[in-house]
Amino acid sequence: MSLHTASDSSSDPRLAALQKWLASVTAYELQLSSLRPASSDASFRRYFRIDGADGNSYIVMDAPPPQEDVSPFIHVAEVFGATGVSVPSILAQDIDQGFLLLSDLGSTTYLQLLNPDTAHKLYIDAIDALVQIQVHSTPAVLPEYDRALLLRELMLFPEWYIGKHLGLTMTEKQTATLNKIFDALLSNNLAQAQVYVHRDYHSRNLMVLQNGNPGILDFQDAVYGPITYDLASLLRDAYIQWDEEVVLDWAIRYWERAKRAGLPVNPDIDSFYRDFEYMGLQRHLKVLGIFARLYHRDGKDAYVKDLPLVMEYTRKAAHRYKELAPLVRLLDELEDKAPQVGYTF
């Protein structure tokens, strides 16, 4: 999504409305002329940074209704904030217009700073924060990550990745194979203990902080669901890959901390790792569908370059379990038939 500078407000009615709203927020003595793009989102949201007379910078969220609703963001910020992790404070809000003024957690994402020297400390901080959120989980506070939602996400894969991206229609036999894989994944996912789930707990949504690391963003879709989901998002990240033995080490460190904190993780490490892999595979299939949709429907081609890594995760996880191996054969069949359009997956 393109971001406009403050001078473009004549061609951007939302920006003009945002500037008018910021002018009415007098408590922070905002310097309106300093309004500048901070980042955009895979959704309709966009973010700006603005300076205050006190020398601090602030973040402004523009979430246009009816496509976006800021209420879930406000709710989850309160829920997660109460656990003691670092999330933005909401300083001013206009729910009807979809405007929020937030504290600024800086501009350094995990993705920008991660390398073999920094990774261990950053991931341990993220794991500790994750355990802290999960320990405070209570049912009926966030929407449930139920079978219908998990399945709806999985269906993005045949619709957008196979149908639109590969340009194929599956046979009845192929559809039956895929549905059997989906059933195996869902029965595992739904049998897992339930906790608060961020749903996008990865290197682009974690900010590097001097104190209280990490800063946690983009949590508005949080739900109450499977305990391994956020760990799978974190360690099988669509934007950065780590060696298997390193991922295993971090997963075990999470498992040890979770058990110590009294969280209901699977007490057997092999079974826990299987839960982690099955949950990861559900997420990878969803992400393949979402990245294909962002490209084909929304014209956002930046995500196409991330498809091969997600497919690599998908194949490796499916290959490791007899019950999931038919997925690898199905992918081989489909990719053999897919028209070559200047890319190979």
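Residues numbered from 1 in each chain as written. Predicted model: local features only at pLDDT ≥ 70, side-chain atom pairs only at ≥ 80, totals over all residues. Heavy atoms only, no water.

### Details of the overall build of the protein
To keep things clear, this is the line we draw: Each helix is a run of H or I in the DSSP string that is no shorter than four residues. Each strand is a run of E no shorter than two, and both are numbered from the N terminus. All radius of gyration figures rest on C-alpha atoms, and the globule criterion is 2.2 Å times the number of residues raised to 0.38. Burial here depends on accessible area, computed with a 1.4 Å probe over protein chains only, as a share of the maximum for the residue type. Under 20% is buried, over 50% is exposed, and the range in between is partly exposed. Two residues qualify as a contact provided that any one of their heavy atoms is within 4.5 Å of a heavy atom in the partner residue. The protein chains shown are the only cover counted for residues, whose accessible areas, like all others here, come from Shrake-Rupley with a 1.4 Å probe.
Within the protein, the regular secondary structure consists of twelve helices and nine strands. Taken over C-alpha atoms, the radius of gyration comes to 21 Å for the protein, in line with the 20 Å a tight globule of 345 residues would show. For the protein, the spread of C-alpha atoms along the three principal axes comes to 60 × 50 × 40 Å. Residues classed as buried in the protein amount to 52% of the 345 residues present. For the protein, long-range pairs separated by at least 24 residues make up 70% of all intrachain contacts whose partners lie at least 6 apart in sequence. For the protein, the accessible surface area stands at approximately 15,500 Å², while carbon and sulfur atoms represent 51% of it.

### A closer look at the nonpolar core
Counted only if it meets this: Remark: nonpolar core denotes a set of buried residues (Ala, Val, Leu, Ile, Met, Phe, Trp, Tyr, Cys) joined through side-chain atoms within 4.5 Å.
Formed by 54 residues in total, the largest nonpolar core has its most connected members in Phe-80, Tyr-123, Ile-216, Leu-231, Leu-235 and Tyr-254. Broken down by secondary-structure element, the contributors of at least two residues to this core are strand S3 (57-62), helix H2 (71-81), strand S5 (99-103), helix H4 (119-135), strand S6 (194-197), helix H8 (229-235), helix H9 (244-260) and helix H10 (269-296). Top element by residues in this core is H4. It accounts for ten residues. Ignoring sequence-local partners within four residues, the contact set of Leu-235 consists of Tyr-123, Val-247, Trp-250, Ala-251 and Phe-276.

### Side note on the side chain of Gln-174
Heads up, the rule is: As used in this structure description, the phrase polar contact means that two N or O atoms lie within 3.5 Å; if the pair is within protein, one of them must be able to donate a hydrogen and the other to accept it, and residues adjacent in sequence are counted only when both atoms belong to side chains.
Positionally, Gln-174 belongs in helix H7 (residues 172-191). From its side chain, Gln-174 meets the backbone nitrogen of Thr-171 in a polar contact 2.9 Å long. Ignoring any residue separated from it by four or fewer positions in sequence, one finds Gln-174 in contact with Thr-169, Leu-330, Glu-333, Leu-334 and Lys-337.

### Focus on the pattern of salt bridges
Think of it this way: side chains of opposite charge can pair up when their charged atoms draw near. Selection criterion: When a carboxyl oxygen of Asp or Glu lies within 4 Å of a side-chain nitrogen of Lys or Arg, that pair is called a salt bridge.
Inspection of every chain in the model, using the stated rule, returns 24 salt bridges. Notably, a salt bridge pairs Arg-45 with Asp-218, separated by 3.4 Å at the nearest N-O pair. Residue Arg-45 is found in the loop between strand S1 (30-40) and strand S2 (46-52), and its partner Asp-218 is found in the loop between strand S8 (215-216) and strand S9 (223-226); the two are separated by 173 residues along the sequence. When sorted by exposure, Arg-45 lands in the same class as Asp-218, which is buried. Note that Arg-274 and Glu-323 form a salt bridge whose closest N and O atoms lie 3.3 Å from each other. Note that Arg-274 is positioned in helix H10 and Glu-323 in the loop between helix H11 (307-319) and helix H12 (325-337), a separation of 49 residues in sequence. Judged by its relative accessible area of 42%, Glu-323 falls in the partly exposed class.

### Points about H2
Within the span of H2, buried status applies to Phe-73, Ile-74, Val-76, Ala-77, Val-79 and Phe-80. Looking at the buried positions of H2, the neighbouring elements they touch are S3, strand S4 (90-94), S5, H4 and S6.

### Digging into the confidence of the model for the protein
Inclusion rule: The pLDDT score gives, residue by residue, the confidence of the prediction method on a 0 to 100 scale.
Residues with a pLDDT of 70 or more make up 94% of the protein, whose mean pLDDT is 94. A low-confidence stretch, residues 1-7 stays under pLDDT 50, and its non-local contacts, those more than four residues away or across chains, total 22 contacts.

### Considerations on unusual backbone geometry
The omega torsion across Pro-65 and Pro-66 is 0 degrees, close enough to zero to call that bond cis. If you trace the backbone, Pro-66 turns up in the loop between S3 and H2. In the Ramachandran plot, Glu-29 falls in the positive-phi region, its phi being about 45 degrees despite a non-glycine side chain. With respect to the element layout, Glu-29 can be found in the loop between helix H1 (13-24) and S1.

### Focus on the side chain of Gln-282
Along the chain, Gln-282 falls in helix H10. Its relative accessible area of 0% is what places Gln-282 among the buried residues. Setting aside anything within four residues of it in sequence, one finds Gln-282 in contact with Tyr-145, Leu-150, Glu-153, Leu-154, Leu-185, Asn-189 and Tyr-229.

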